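Structure assessment
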Amino acid sequence: MAEINKFLIERLTNRFKQKFDHPPLAVARAPGRVNLLGEHVDYNDGFVMPAAIQRATYVAFSPSPGWVSTLRSEDFAGEELTFTRESLPAKIQDDASPLPGWGLYPAGVAWVFLQHGLPVIPIQAVFASDVPRGAGLSSSASVEAAFCTAWHHLGGLNLPLMEQAALCLEAEDRYVGVHCGIMDQFASLCGVENRLLQLDCRSLEWSLLHLPEDISILIADTRIPHSLNTSAYNQRRQECEKAVQLLQVNLPSIRSLRDVSRDELEQYAGSLPIAVGMRAGHVVEEIHRTREAKICLESGNAAGFGGLMNACHASLRDLYEVSCPELDLMVEIAQSLPGCLGARLTGAGFGGSTVNLVKNSQAEDFVNHLKTAYYQKTGLSAEVFITPASAGAGIV
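Keep in mind that this is a model prediction, so the values were computed, not measured.

Residue placement: Ile224 occurs in the loop between strand E8 (215–221) and helix H6 (230–247). Excluding anything up to four places from it in sequence, Ile224 contacts Gly134, Glu326, Gly351, Gly352, Tyr374 and Leu380.

What follows is the structure, given as structure tokens:
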């Protein structure tokens, strides 16, 4: 059973009663995620190794008595929005004003449900999250997954979890406009307590992996909100697609960078523009690292897995160019501390958090030393916390 934020649930329930004059029917919960390995490869048909975390989005909800859905976000100073089935395609509210940015995520899920002929019961909802925004921990995907869970419950549906993840991905891709891969939504919906997930982003087959019991996952939020905006994120994806297009001249059978071997990329790298070649280099090597990482975990080689995490960060910094000085500093400090097996940025990049693999016996000292050293260098108070792998989305 995932650890539940009872304080946040009570707060949402009370706010719901104040707003709608009755208690909510239920509360949906969907966690954020941390990715240990396989960064920026989900949209390249690669392999990813995420885990759901205990921080989550909570939605207190009931069916609406009318045709209008009303949503209140406690994370945005109690801002509210309304929409109907008819207003969703234009991304406007019931009064014809534009949906606020935060509203695109739940509204996008409702719109996708309608596109697939699924029931969307008008909803009354109050929601909040203890997943820090801008920390690279998929707060947006947790919002999508939480509202997907709510409408799934109201509609009496029994969709497979991966199908729900695909609906949330479609919402982010086609409605919000971020052309991401399925990893974040998958991890939020399919998380399993105390297990690392491995997903094949081409076949969507997935399996569970064990982390050694004497190892902890620690997340360190740099307090620099990640700013990989829609255009920058989509540009990385376009560069990967350009690499495939150019490599197909010599490798006509490839469908994505997943199909390109390290030797083939080295042989034909000269046909790629410099930036495109750098992006392809990261992806091809990262897919190779995830294959090696599974072998490390299955053999209990935590140190080997940590070394692959270190290599991933260097690649994201130098080849994919999605790091920033604060992330690099946080990783550098972490890698110098006793008990740290591996550290790297996690999430899209340009700020956000690092993920660290640390021996249990030294985790407390690691947290204290990392926070102190980072503050001394930057003047910023990082949040550093241990997170066991959590269960995925559900009704609490």
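Moving on from the model shown.
A few words on the packing of aromatic side chains. For any pair of aromatic rings, geometry is given as the distance between the ring centres together with the angle between the planes. Applying the stated criterion to the full structure yields eight aromatic pairs. Ring centres of Trp102 and Phe127 lie 5.7 Å apart, and the angle between their planes is 55 degrees; this geometry places the pair in the tilted category. Taken together, the residues span a long stretch of sequence, with Trp102 in the loop between strand E4 (79–83) and helix H2 (104–115) and Phe127 in strand E5 (residues 123–129) at a distance of 25 residues. Take Trp102: its relative accessible area is 9%, and that puts it in the buried class. Taking relative accessible area as the criterion, Phe127 reaches 4% and is therefore assigned buried.

The next point concerns helix H3 (residues 139–154). Within an α-helix, residues lying three or four positions from one another point in the same direction, as the helix has 3.6 residues per turn. Compared with an ideal rise of 1.5 Å per residue, which puts 16 residues at 22 Å, H3 spans 23 Å between its outermost C-alpha atoms and is within 8% of the ideal. Judged by how many residues are buried, H3 sits mostly within the fold: 14 of 16 residues are covered. Just downstream of H3, Gly156 is the residue with a positive phi angle, here 65 degrees.

According to the stated counting rule, one finds 19 salt bridges in the structure shown. Across the pair Glu383 and Arg55 runs a salt bridge whose closest N-O atoms are separated by 2.7 Å. One end of the pair, Glu383, is in strand E11 (residues 383–386); the other, Arg55, is in strand E2 (residues 47–63), and 328 residues separate them in sequence. Classification of Glu383 by relative accessible area gives partly exposed; the value is 22%. The closest approach of N and O atoms between Arg317 and Asp318, which form a salt bridge, is 2.7 Å. Classification of Arg317 by relative accessible area gives partly exposed; the value is 35%.

Glancing now at the packing of H3 against helix H4 (residues 161–176). H4 packs onto H3 with a crossing angle of 120 degrees between their chain directions and a minimal axis gap of 10 Å. Here H3 is positioned oblique relative to H4, judged by the angle of their axes. As H3 runs across H4, the sense of the crossing is right-handed. Here Ser140, Glu144, Ala145, Cys148 and His152 of H3 lie close against H4, whose contacting residues are Gln164, Cys168, Glu172 and Val176. For the contact of H3 with H4, the class distribution of residues is four nonpolar, three polar and two charged.

Overall, antiparallel pairing links the four strands, which are arranged E9-E10-E8-E11 in an open sheet. Edge strands, defined here as strands with exactly one partner in the open sheet, are strand E9 (340–346) and E11. Adjacent strand axes in the sheet meet at a mean angle of 20 degrees when their direction is disregarded. Of the pairings in the sheet, the one linking E8 to strand E10 (residues 353–359) comprises seven bridges and is antiparallel in character. Bridged to Leu218 within E10 is Asn356. Most of the contacts of helix H9 (residues 302–318) go to E9, to which it runs at about 35 degrees, and overall it touches E8, E9 and E10.

Analysis parameters
Residues numbered from 1 in each chain as written. Predicted model: local features only at pLDDT ≥ 70, side-chain atom pairs only at ≥ 80, totals over all residues. Heavy atoms only, no water. Helix = DSSP H or I, 4+ residues; strand = E, 2+ residues; numbered from the N terminus. Contact = heavy atoms within 4.5 Å. Phe/Tyr/Trp six-rings, centres within 6.5 Å; stacked < 30°, edge-to-face > 60°. Buried < 20%, exposed > 50% of the residue type's maximum accessible area, 1.4 Å probe, protein only. Expected span 1.5 Å × (residues − 1). Salt bridge = Lys/Arg side-chain N within 4 Å of Asp/Glu carboxyl O. Axes fitted to C-alpha atoms, helices over the stretch in contact; angles between N-to-C directions. Parallel < 35°, antiparallel > 145°, perpendicular 65-115°, else oblique. Left-handed = near helix turned anticlockwise from the far one by under 90°. Nonpolar A, V, L, I, M, F, W, Y, C, P; charged D, E, K, R; others polar. Pairing = 2+ DSSP bridges.

In short, geometric facts, not functional conclusions.
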